[in-house]
Amino acid sequence: MKPLFSSVILGAAVLALAGAASTGTDSGISFEYHRYEELRKALVSVWLQCPTITRIYTIGESFEGRELLVLEMSDNPGKHEAGEPEFKYIANMHGNEAVGRELVIYLAQYLCNQYQQGNETIIDLVHNTRIHLMPSMNPDGFEKAASQPGEIKDWFVGRSNAQGVDLNRNFPDLDRIVYINEREGGANNHLLENMKKAVDENTKLAPETKAVIHWIMDIPFVLSANLHGGDVVANYPYDETRSGSTHEYSASPDDVMFKSLARAYSMYNPVMSDPQRPPCRKNDDDSSFKDGITNGGAWYSVPGGMQDFNYLSSNCFEITLELSCDKFPNEEMLKNYWEQNRDSLVSYIEQVHRGVKGFVRDLQGNPISNATIAVEEIDHDITTAKDGDYWRLLAPGNYKVAASAPGYLTVIKKVAVPFSPATRVDFELESQLERKEEEKEELMDWWKMMSETLNF
Amino acid sequence: MASKRVGLFVLLQLLALNVVSQTSAFPTPTASADDKTVYNRQLTEERPLQEQIAEADSVKAALQSAVSKQPTAPKDSESEQGDDFTMLKSLADGQNPKGAPEGPGKKEDQYIPDESDSTKSRRLADDYDSTKSGMDYDDPESFRQVDGTPLTAEDIVQKIANKIYEEDDRGVFDRIVSKLLKLGLITENQADTLEFQVAEALQDLITKNAKNNEIEDMESVDQETRGEQDDLGADADAWEPPRRRYNEDDEEEEVNDDDEIVDKVDRDAEQDVDGADNSWDKDKEEGNEVNPEDGLQDLQYFPNFYRLLKSLDSDQDAQERETLITIMKTLIDFVKMMVKYGTITPEEGVSYLENLDAMIAMQTKNKLGKSLVVPDISGLTGKNLDEDDNTKSETAKMQKEYESLKDSTKEEQQPSAETSQPGKSETYLEAIRKNIEWLKKHNKEEGKNDYDLSKLKDFMDQQVDSYIEKGIIAKDEGDTIKRIYSSL
């Protein structure tokens, strides 16, 4: 009798909910702030609605023990499919920059809803990408910020984590290293030496930072964005200036591609891309902003940021999205922010399907992991993942792409890259041993031929 | 006591809001549209065939009206009239159960499902022929069901009832009846009979849905029938005879005794429990302020409570009944208030009220020596005193429980309870429901067989367990989810 009653309650409750849900929602999304519990429940609800294409996992705990929750969406959640690029959105690393956090939640709901409603674009995206959504990297900070009384939230309260660490200055500063290497020669990628050791033994890293670094190391992310608030612009690497000055355009080797990526976001956000947009505050210096994008260093120097860390420690290209002049606006504004950013958020995910991609295998067809993919004239290499798969984001143009691996002979291919979709380029690498064997055989053949001809 | 004052204040506010929302409690266009979609969704899953029939008929009627020559009707109202005219024809069928020889259309002769029914339809032709030769309703299309067999009188009455139910609009019936009367196709008496039959069919619908655990339907349709009663009273005194007959001639009805009595009690109790009704409606619509789950809980507990009330239907018990109802109402409001202020979680409110109702059943059984499941009106009038004691002890028990509940749950107050979102059970249930719907639709589109519910259930159970382990879902949430899946 009890279960029956419960189901009756719940059955009746659904009808009430259907009635209630129609007030103040937009196609099933409820535009309000989510505290930690509500965030968790919102993600669980998305999972319950779309269990075949979503999965919730946690990359670790914040300082105060809140789970750093991620909702992933793909046609095969929980596993990396060979050749399928990985994408992530991380928001709210500054706890009081709340809009990004909410947008990521709404995005999760939106993608699930649209998928079920047959939206072709979304269905394709979900089937061909593995999308990871982390609404909050700093849940402790958010709680602090959200608990402030009154309507106006402070510019600083809740920004850092519970230990007082600004997470976006807490990442190992690899910019410094790459600048040295630029001058003196050295690696141009994967600069975190002895990664695991360096991370685990580093006492200065906050638990949230550590968790994200492990996450970046574990999953071969290709493209990412980091959501902030306090201004409205799409910011791309490098964030730290080469000379150490406070403002200086600091181009990365992939400056062209990064500009393209940043624009792909800003152009669908009417506020961000508005050339007439007045600065958020009267004395703000927006001189580096153009078409809604800016180079990090040109805006202001940021050492130890997560964006550059991604680019310099892994294959992942990350940009920073500033989405609102107000760091923690009124709840009534959330719907507007969603409207402004929805198309941008989807468009940016689609950018992961650009450039060249493929597999690096040996002559027997076995995948070669950690092979290097180098593009001529771009001083930044990427590596293949465990299945030998790689994704090299490139702006349209003609390129020479070289695949190499220790003990193998390098292969170079010429590719003409359109805007999109990604061009498939596979490599079969011959190992040096094989080549030696080949040469030996050739020699033997020649000797045989010679001896037969000359009769000895 | 401060909380009591707060409680009273809240109660007053609730009542005030009730008054305000009372105006919108009756089916407004938007409200009924919402309800309609909800009902339709439920209806589709519960009774797809009826839905299909109704849809097919309305489509046919729309087509028909576009094609047929209507001398006086303007283009715009044609479809509506066409629909109504379909109803008219069907109605006329139902009006004349006594046989007559000829069929309304030649084609009909080929599809005779059973003798008595076809004679009913034939009678219509006679009426048409004898009264209005100019009318062109010979189109046999409208007499067809989806599968091509002609409509029986029951079908037609059922159709009308369905239409009223779905559209939540008694006006459908009024339109049809007034047209029929105007055309002289039926007499006042026949109109009465029709009303009676349609009302009966409507009650059937309601109780059927109630049986399928949609007690909410009963509630809102009760309003509707209440509205209907009012309207009917206003029209002519036509309602009086049927109603009296309805109440007294239990045997004549084809309705399940149990349900019929419950319905009757509903109607009786409704007049007394007006305030509670309204507050439930308000809860339904308000959603954000007070936990809607609690609001609907009120309905949930009526089976036993109603049976108890019903057993007090003699005049001397009116006082007892009033008291009981007031007590119940107050209790429910208290629980609602506690939930609203976060003193208890919705779950706790639910389980409390569940226990309450179970206790009512038990107590009644103990005191009266019989269970409430098998009601016996006549037998209980002699047990007034017992009832009296029963309710008094009930009240005491309820109060005690409430007190203990209040105390014990104060410490458990969570900061996140103060949320404008609906309770998580509903959100989860809603999400699961969307998933199931999508799965059904998806599988249908791809031509697969019905999705394997048990496989899905196993998969979800597994996932839920792993999530609980990882701290993504709380244990009780996981149980709720599993419970929801097992109840599907």
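All values reported here derive from a predicted model rather than from experimental measurement.

In terms of regular secondary structure, chain A is built from 13 helices and 18 strands. In chain A, which comprises 456 residues, the proportion classed as buried is 58%. Accessible area for chain A stands at about 18400 Å²; split by element, carbon and sulfur atoms hold 52% of it.

Right, let's get into the overall build of chain B. A tally of helices and strands in chain B yields 21 helices and zero strands. Across the 488 residues in chain B, those meeting the buried criterion constitute 51%. If you take every contact in chain B between residues at least 6 apart in sequence, the share linking residues at least 24 apart comes to 70%. Working note: accessible area of chain B is about 22900 Å², and carbon and sulfur atoms make up 52% of it.

Moving on: the sheet that holds strand β3 (residues 54-61) of chain A. Residues and elements named next belong to chain A. Spatially, eight strands are ordered β3-β4-β6-β5-β7-β10-β8-β9 in an open sheet, and the strand pairing comes out mixed. Each having just a single partner strand, β3 and β9 (293-295) make up the two edges of the open sheet. Averaged over all neighbouring strand pairs, the angle between strand axes comes to 25°, with direction disregarded. Sheet topology places strand β5 (residues 86-91) next to strand β6 (residues 130-134); five bridges connect them, and they run parallel. For Y89, the partnering residue across the bridge sits in β6 and is L133.

This paragraph deals with the pairing of β5 of chain A. Residues and elements named next belong to chain A. With six of its six residues buried, β5 lies for the most part within the structure. Residues E86, K88 and I90 of β5 are buried on one face, and the alternating residues F87, Y89 and A91, pointing to the opposite face, are buried as well. In this structure, β5 lies alongside strand β7 (residues 221-228), joined through six bridges in parallel fashion. Of the residues in β7, the one forming a bridge with Y89 is A225.

Across all of its chains, the model carries 31 salt bridges over all chains by this definition. Taking the shortest distance from any N to any O, the salt bridge between R130 of chain A and E72 of chain A comes out at 2.8 Å. Highlighted residues: R130 of chain A in strand β6 and E72 of chain A in strand β4 (residues 67-73), separated in sequence by 58 residues. A relative accessible area of 0% places E72 of chain A in the buried class. Two residues, K482 of chain B and D465 of chain B, come together in a salt bridge whose shortest N-O distance is 2.7 Å.

Quick look at the nonpolar core now. Membership of the largest hydrophobic core comes to 140 residues, with the highest contact counts inside it found for Y89 and L107 of chain A. It is helix α3 (residues 99-116) of chain A that contributes the most residues to this core, 11 residues altogether. Of the residues that make up this core, three or more belong to each of domain 1 (36-353) and domain 2 (357-435) of chain A. One finds F305, L308, L312 and V335 of chain B within the second-largest nonpolar core, a separate group that totals 20 residues.

Residues and elements named next belong to chain A. One can find H34 in the loop between β2 (29-30) and α2 (36-49). Residue classification places H34 among the buried residues on the basis of a relative accessible area of 1%. Within the structure, H34 has its side chain in polar contact with the side chain of E102 (distance 2.6 Å).

Overall, the prediction assigns chain A a mean pLDDT of 92, with 94% of residues at 70 or greater. A low-confidence stretch, residues 1-25 of chain A stays under pLDDT 50, and its non-local contacts, those more than four residues away or across chains, total 52 contacts.

A few words on the sheet that holds strand β16 (residues 411-417) of chain A. Residues and elements named next belong to chain A. If you trace the four strands from one edge of the open sheet to the other, you get β13-β12-β15-β16, paired in antiparallel fashion. The sheet is open, and its two borders are formed by β13 (378-383) and β16, each paired with just one other strand. The average angle at which neighbouring strand axes cross in this sheet is 25°, direction not considered. Of the pairings in the sheet, the one linking strand β12 (residues 372-375) to strand β15 (residues 397-404) comprises four bridges and is antiparallel in character. Bridge assignment links I373 to a residue of β15, and that residue is A403.

Before going further, it helps to examine the state of the cysteines. Residues and elements named next belong to chain A. Tallied over the full model, the rule gives two disulfides over all chains. Across a sulfur-sulfur distance of 1.9 Å, C50 and C112 are joined as a disulfide pair. Measuring handedness by torsion sign, the sulfur bridge of C50 and C112 sits at about 90° and is right-handed. Taken as a pair, C50 in the loop between α2 and β3 and C112 in helix α3 lie far apart in primary sequence, 62 residues in all. A sulfur-sulfur distance of 1.9 Å marks the disulfide that ties C280 to C325. Linking C280 and C325, the disulfide has an S-S dihedral of approximately -75° and is accordingly described as left-handed. Taken together, the residues C280 in the loop between α9 (255-266) and β9 and C325 in the loop between β10 (317-324) and α12 (334-350) connect sequence positions 45 residues apart. C325 gets classed as partly exposed once you look at its relative accessible area, which sits at 27%. Assigning the bonded cysteines of chain A consecutive numbers by sequence position, one obtains the connectivity 1-2, 3-4.

Thresholds, definitions, all that
- Position numbers for residues count from 1 along each chain, tracking the sequence in the order it is written.
- Labels follow written order: the first chain is A, the first ligand is 1, and so on.
- Whole-chain, interface and lining totals are the exception, using all residues; otherwise, since this is a predicted model, local features are given only for residues with pLDDT of at least 70 and side-chain atom pairs are given and counted only at 80 or more.
- Excluded from the side-chain calculation are hydrogens and water; included are all heavy atoms of the structure.
- In this text, helices come from DSSP runs of H or I with a minimum length of four residues, and strands from runs of E with a minimum of two, each type numbered from the N-terminal end.
- When a residue's accessible area, from a 1.4 Å probe over protein chains only, is under 20% of the maximum for its type it is buried; when over 50% it is exposed; and in between it is partly exposed.
- Each accessible area is a Shrake-Rupley estimate made with a 1.4 Å probe; only the visible protein chains count as cover when residues are assessed.
- Whether two residues are in contact is decided by their heavy atoms: any pair within 4.5 Å suffices.
- Two strands are said to pair when DSSP picks up at least two bridges between them.
- For every element, the axis is a line fit to its C-alpha atoms; helices are fit only across the contacting stretch, and the angle between N-to-C directions ranges from 0 to 180 degrees.
- Any Lys or Arg side-chain nitrogen located within 4 Å of an Asp or Glu carboxyl oxygen qualifies as a salt bridge.
- To define a nonpolar core, start from buried Ala, Val, Leu, Ile, Met, Phe, Trp, Tyr and Cys residues and group those joined through side-chain atoms within 4.5 Å.
- Reported domain spans reflect what an automatic or database domain assignment gives.
- Polar contacts here mean pairs of N or O atoms no more than 3.5 Å apart (in protein, one a potential hydrogen donor and the other a potential acceptor; neighbouring residues in sequence count only if both atoms are side-chain atoms).
- pLDDT gives the predictor's per-residue confidence on a scale running from 0 to 100.
- The term disulfide is used for any two cysteine sulfur atoms that are within 2.5 Å.

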